[in-house]
Every structure is written in C-alpha cells, then in structure tokens.
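# Coordinate inspection notes
So the chains spell out like this:
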Amino acid sequence: MANDRIKLRIKFRKYGPIRFIGHLDVMRFFQKAIRRAGIDVAYTGGFSPHQIMTFAAPLGVGLESNGEYMDIEVCSITSCQDIMERLNGASVPGIEIVSVNVLPDTAGNAMASVAAAAYTVSFRQGREPLTDIAEALPVFLAKNKIPYIKKAKKGNRELDLKPGIYKLTYLKAENTFFMLLDASSAGNIKPGQVIEALLAESGESLQENALLITREDVYANMGTKDKPEFVTLDAIQA
Amino acid sequence: MGINTSQRLALSDDILMKIEKPERYIGHEVNSVVKDRDNISVRFAMCFPDVYEIGMSHLGIQILYDMFNSMEDVWCERVYSPWTDLDAIMREQNIPLFALESQDPIKGFDFLGITIQYEMCYTNILQVLDLAQIPLNAEERGEDCPIVIGGGPCVYNPEPLADFFDLFYIGEGETQYRNLLDLYIECREKGLGRVEFLRRAAKLPGMYVPRFYRTAYNEDGTIQSFTPTEEGIPERITKEIVMDVTDTYYPMKPIVPFIKVTQDRVVLEIQRGCIRGCRFCQAGQLYRPVRERDVDTLKKWAVEMLKNTGHEEISLSSLSSSDYSKLPELIDFLINECGKNHTNISLPSLRIDAFSLDVMGKVQDVRKSSLTFAPEAGSQRLRNVINKGLTEEVILKGAGLAFEGGWTRVKLYFMLGLPTETEEDIEGIAELSNKTAALFYDMVPKDKRTNGRVQIVASTSFFVPKPFTPFQWASQCTKDEFIEKAYQTRTAIARQLNQKSIKYNWHEADASVLEGVLARGDRRLCQVIRRVYEKGSFYDAWGEYYDNERWLETMEEYGLSVDFYTHRERAADEILPWDFIDCGVSREFLWREWEKAKREEISENCSLKCQGCGAAKFGCGICVVPREGV
C-alpha cells in the first residue's frame, strides 16, 4: 500500500576517485548499497520489480559534490540516523551520506523539485586564463544578455545565459568562483558554459579540462518564477 | 575497504576524462581489499588478460583474491588488460601498468599471476607484460621483475606460452600457493635470486618451470623428446586438486564493480568437475573427479554473499548443475530465501525436464526467457561419437513440456566439424530444428500462441580439438571445410518446412582455426605469438581486432604450418606437447575413448559406472562415494 510507505530524502557527497563513477553506476551502487544496509526499501510491482528511487540531478563524470540527493521509499524505518549510519557502513570512501530526512507526503520528488544548483569552480594549475577575471567579471555581470552557442548534434542553438545566472562571484585570493545557476530541466546551465562565455568577452577560449568543479548543493524554488526563494532540497522535511 | 585508502590515481584526470569507462581503472569497488603496504611481505598482482568487465566476471580470480588476502602477510590486487584507447595513451606517455587497489606499478610486485582461460587471449598476456614494462621473455627478466606465473585451463598445454612465464601452476589454485610463497620468502631472505627460487619451485607439486625443460623435434616436426635439463627437476607434473571442496576458500565478500560487468551477480559454485565425459569437452576431463559441495554450506554461503554484495541475482555455477545430487533442496531454499527480498535466481546449465521447467517457471518470466538445449550434433550417430547422452526423444519431450508451459523461444547449440561428421549429420541439425518448430505448431492451438509463432535459434560453433580429450589426436577441419559445413547447414535449414521459424547463427571460421593451432601447439609457437604481438595484435578474442592474415603470414615467416597443428591426425605413439602433465585422466583411457568414438560406442557416466579414467588415484569426489545407480 503506497500510503504506508515513507519517503526519505538522502543527501550525499561524492568525491575523490569516485568522481569518475558515472550517474547510472551511482544509481546501481545505491541499489546494492541499500540491500547491503538491510534497509526495508519499497519495490515497484510487476515481473521485474525495482527499488523506488529518484535522483535529483545527474552529476557529470569528473565533478565532485557536497550536495547530491536521492529519494527512496521505504516500508518501515528505524530512525533517520540509523539509516544514515547503515548506509555509510555499506558505502565506499568517496560516497558519504550526510543526511537522511523524512519527506512530507506532499513533497514533489527530488528530480521534479530541482530549480538551481550551487557550484564552486576553479582553474586547474597551469590552465588559468590570461583574462583578468576580477576586472572582467563586473562588466560581464552588467550585460543584459549573455549569448552562448550550445553545440548539439542537430545543429547549434543560441542560448541566453543571463536569466539563469542567479549569483556569480569570484574570490581572487582563492582563484575560485561561486555560482548559483538554473538547474531546472528547462533551463539547466553548466558552470563551464558560464566561464566560457566570460572568457569569450575578452576573446579567450577555455582550455580543455581546465576547470575543477564542485557542486555544493541543489535547491528547490519555494517562491515564484519571478521572485525565487531557493532552499536546499534537504530543507524540505516532514 | 580498509585503512590507507589511496586517493592517488595512476592516471591523470586528463586521461580519465578522455577514455571510455574510466571506472575500469580506478579501483575502490565495494569489498576490494586495501592493506598497509608497509606491513606486507608479498605483493601479488592477479591478472585476467582481457577487459575489466570480462575479467571481473571470473570466479577463479575472486576465489584466489579472497584466499591470498586472508593471508596476513600477502596483499593481492587486480589488474586487467587496458582497453585499446588507454593502451595507446599508456604507450605514448610511457605510463607503467598498475594494480587497481594501490594504483602502484605492477613491475614492483613480487608476483604477477595471470589466469589463462582461452587461447585467443595469448597476445593480451604480452600486452600486459609489455605495458607493465616487464621483458616479454622470462629469461630476459632481472631481479627487479615480478615472478610471472600462469594458471587456468590453458596451462594444461602451456607450451605455446612457455617462453613468457617463469612458472606455471598446474591445477586448482587453492592448494599450493602458501607453500610457493613461503619458499619465495625463504629464498628472498637468503638472497638466492630468482633462478634459484624457480629451481626450487620446480620441485613443488603442480609447478612447471619451462626454462628447465628442453624439447627436441623429429624431422617431420613432431616431438622427439621432452626432458628436464637438470638433475632433480621432475619429468612429470601432476595437477593440484582440492580434495574437500566444502572445507576450502570461497569468497564471502566478492568485489562489487561499479560498472555493469558480464557476471553482475553472486556466483555459487555448487560442484567442481562433471560426470558426463562428453568427448569434445576439455573441462569435463581436466576437473575430474566430480566433487560436490555440502548443500547446507552452500545455503549459508548464498545468504551471506547476497548480504555482503547487495546483488539482485544469484547464479548457480557448475559444468552440469542437473547432476548435483541436492539440487531440488538447494533450489527450494533459494526460491524461498530470494522471494523475501526480490532476488532473481539464474540457472544456467540445467537439463530441460519436468523438474527444471517447473523451477524455471517459478523464477523467471516465461514469456521473455528462452530455453537452451545443447544436442551438439545433429544425429544420434554423431551424438554417440561424442558421447553426448542427449537423444532426440529427450529434446522433443523437453521442448513439448516447455511449449505447454508457455515458452516460445528455444535455442539449440551444435558443433560443426566433429570427427566422423557426414552430410547426413549436418542435415540432422536442420531436421531437429524443424521438428522442434513443428512440435510447437502441432501442440499449441493458434489462439494460445503467446508470441504468434515459435522461434528456434540454431547456433553452430566450429569444433576445436583440445588437449586431454579423446579427440586430442583428431584432425580439425580446415577453414574451407568449416565454411562449407556452415553453408550446408544454412541451405539445409532453408529447405525445411518451418524454416521461417528457424534462425541460424554461425561463428567465424578463421579464429577457430587459429584457436586450434594454439590449443594443440608446441613451444615453437612462442616466437609466432611474440611476433604477431609486436606487429600490433592484441584483443584477438574480440572479432573487430582479430587480424587473421597477420597470424598466417607470421606462421609462414617461422616456417610453421597451420595444418601441421590442426588438420593432421596424430598417431598413437606420437609425443604430444602436453604429455608431461598428468591431469589424472590417463592417456590410455583417452585413447580407449577415441577408439570407442570411432566405433560410435558410448561410455556411461561416472555415477553409473566407473570407466577407469585414472582420476580415482586422487581419492576424492565421486571416485570414493558408493554409486547409487540410475
């Protein structure tokens, strides 16, 4: 009975060598980890039942994250703390569960809730651009439109990045950007696209594999489209 | 998991971002073992010379990995063939091949153990050595190189690889490794050097050190003599065997890969060996006598392995699961246990009968699954020759039961090119396929046909004679003969009434011929394998990378004939390259079976009547339990 089930939101970090594990394999990893941890997970019906599990937003290969989310449904729970401990016990170094919360029945699933994501981004040593970022950034941010050509198999498409950049700052001392970007299915922007557009202003292009990217967290929009009010996905609790 | 988890990877981010499936090279899988380098006496790199997904699916390595790592002073790690994309980068950037767990270069290990499961991986062995920056020929290696040791079924004829290995371990790995490592540690402490270690190792049971043996050839290319070059080196080497397969090593915590590998499930080996004695089958002879595992132990293991891996599926493994005496009890237990937590059961190598159909109906979706029969030959006459005790009556009865049960897909496996095969035998493949299809249309009324029609998939492979089988003396077909036989099969099927319900698959002939060369080859092939590798061949087991012309041309360069190794029927008194190995089954028994094959006589299986094969000398398994008959 669906009504008896409890929805859990699980937040985890992904770092170190594990950043090279692709999204589908992270899902496979959790399917098995949940079984090793002995969690009373709910399954779909039918001839090939699978665990009821949704991920918020796929993380690209090579990126680290401090805020990944997965929702699962369980038939019973001990306590959120206990589930977190058991999952960590069944995990590998590099995938660390940082919180487990019960979701309100009314909450949308993790994937549908995603509105924005925060990233810290820095340049790899030796691949810093010539552009003076501190100088270029205010000009870049003052623009009304930030055109970006998205290359796709079915021809290129011009996007305007501007409305999807909610926040963009740069700490010169640490050579680090902080960005809050649209991560909804309709308007998803990648950190690399922003940096590319920024460098393009001074005619420079981004070197291959030049960025070190960490996704810091993923947000839902509790406000409206025009007046967004972003909260992290783990702030939604029963 | 353990202490000291290495965060450093052998490959740079740039490389890992560029290659296919970087997960193949980063280790860190659940249940992989990480130890403290500083408290380890022996470092062992265990290699399967093929791509990660294939190598990770191999049970033997998991058993030995578990065994070695249960030894406090040993750290066993894994290494596989880098895929072609990474291979090119490693060569270009001079990156040494590394072990997955520590990411340390293989060259610094004490041992590199390579399991040799099929002939077409021989060039990959050289790829692994080369990338590890270890000289390809054993005698070129210095004290800074690991001891390179080979194991697995292909070492029952190790001669085509003799130059590349310091040592071959003949037989089951669970028994002698500790003694070998102790000897190694002792020699190291005394500073005796690798040659002296190998000399002493050669005297341990099951160990073959090729450098201490010489082969002389007759003018016609056959072997004149095969002899030790030093006093005290044994002339014959008897395989190692586990006497009690219940009280032994078995990995309760198998490694769980991140990427989907071929065998993405718990594998439960229920018995070793086979009672059947099919005359084409090498495994059926090599692993004699059949030894069953205690059913209560298996139940315990199944539960524990499922819990420790989180796998959603368990598979029973053996050469012929239906012959396991406690199969119904075990399956009942598993169905019950697995039903509780959505675990699938996979049951390969089951004989199709009322019992197995009942079981399969319970554990899989009948509409989606297919049933497999392996008649191996198209006629009863030829099935008698190969001692495959499956009759047309049994196949059709099984198929009938299956159709009643709702199955609509049937796979039939055959071999082409078996000794004494005639056109009628080939015709029989088409006829049996047709009869199976016809049975469906006779039995199942139109409105009850789930998928509209029946689908019969007939597949043929080409027969390759293997050492230690009664067919080790037999002539293998040439490529042209193989192709002609496949053509005959195809046209015979096309003539059948139900041909639209029959799909026919056949293998490439080129690789089967070369497999035959390597399977029954001798030491002179070492130079060919090396040269072919140097010309750029590896991943020969992968059709898209196999270069047949290159092999043929290189054979010719060294004055060696393909037909000599494959097409020639061997005489009764010819010295075969593998004669110095004693796998338990005697040459006299094999010759007797060869003669019976030619007379189309069958031999009863081990549970019905002892055929005196010789394996009884090991004093274990079915040879020491009273026969129950029938």
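Here, every reference points to the structure presented above.
For the structure given in this document, a descriptive report is provided here. (Residues numbered from 1 in each chain as written. Chains lettered and ligands numbered in written order. Predicted model: local features only at pLDDT ≥ 70, side-chain atom pairs only at ≥ 80, totals over all residues. Heavy atoms only, no water.)

### Remarks on the sheet that holds strand β14 (residues 344-346) of chain B
All names here are of chain B. Sheet architecture is open: three strands sit in the order β10-β13-β14, paired in parallel fashion. Each having just a single partner strand, β10 (266-269) and β14 make up the two edges of the open sheet. Mean inter-strand twist for the sheet, computed between neighbouring axes without regard to direction, equals 25°. Note: strand β13 (residues 313-317) against β14, three bridges, orientation parallel. Bridging across to β14, S315 finds its partner in S346. Across the sheet, helix α9 (residues 295-309) touches β10 and β13, and the angle it forms with β10 is around 165°. (Pairing = 2+ DSSP bridges. Helix = DSSP H or I, 4+ residues; strand = E, 2+ residues; numbered from the N terminus. Axes fitted to C-alpha atoms, helices over the stretch in contact; angles between N-to-C directions. Contact = heavy atoms within 4.5 Å.)

### Thoughts on the packing of aromatic side chains
Remark: the centre distance and the inter-plane angle together describe each pair of aromatic rings, the angle taken between the planes. Residue and element names in this part refer to chain B. Per the counting criterion, the structure on display carries 42 aromatic pairs over all chains. With a centroid separation of 5.1 Å and 25° between ring planes, the pair formed by Y504 and W506 is classed as stacked. With a centroid separation of 6.1 Å and an interplanar angle of 90°, the aromatic rings of Y539 and W542 are classed as edge-to-face. By way of ring pairs, the aromatic residues F44, F68, F111, Y169, Y177, Y184 and F197 are connected into one cluster. The ring centre of F538 lies 5.8 Å from the NZ or CZ of R91, which sits over that ring. (Phe/Tyr/Trp six-rings, centres within 6.5 Å; stacked < 30°, edge-to-face > 60°. Lys NZ or Arg CZ within 6 Å of the ring centre and 35° of its normal.)

### A word on the side chain of Q282 of chain B
Residue and element names in this part refer to chain B. By secondary structure assignment, the location of Q282 is in the loop between β11 (271-272) and α8 (283-286). In this structure Q282 comes out as buried when scored by relative accessible area, which is 15%. There is a polar contact of 3.3 Å between the side chain of Q282 and the backbone oxygen of P467. Leave out the neighbours within four places in its chain, and Q282 touches P153, K466, P467 and T469. (Buried < 20%, exposed > 50% of the residue type's maximum accessible area, 1.4 Å probe, protein only. Polar contact = N/O pair within 3.5 Å; in protein donor to acceptor, adjacent residues only side chain to side chain.)

### Quick word on the sheet that holds strand β16 (residues 409-416) of chain B
All names here are of chain B. In spatial order, the strands read β15-β16-β17-β18; together these four strands make up an open sheet with parallel pairing. Where the open sheet ends on each side, the last strands, each with one partner, are β15 (371-376) and β18 (502-506). Neighbouring strand axes in the sheet, compared pairwise and without regard to direction, differ in orientation by 20° on average. Of the strand pairs in this sheet, strand β17 (residues 455-462) and β18 are connected by five bridges, and their pairing is parallel. When the sheet's bridge partners are listed, S459 is paired in β18 with N505. Here helix α14 (residues 423-443) sits on the sheet in contact with β15, β16, β17 and β18, set at roughly 170° to β16. Where helix α15 (residues 479-494) meets the sheet, it contacts β16, β17 and β18, and its direction lies at approximately 175° from that of β18.

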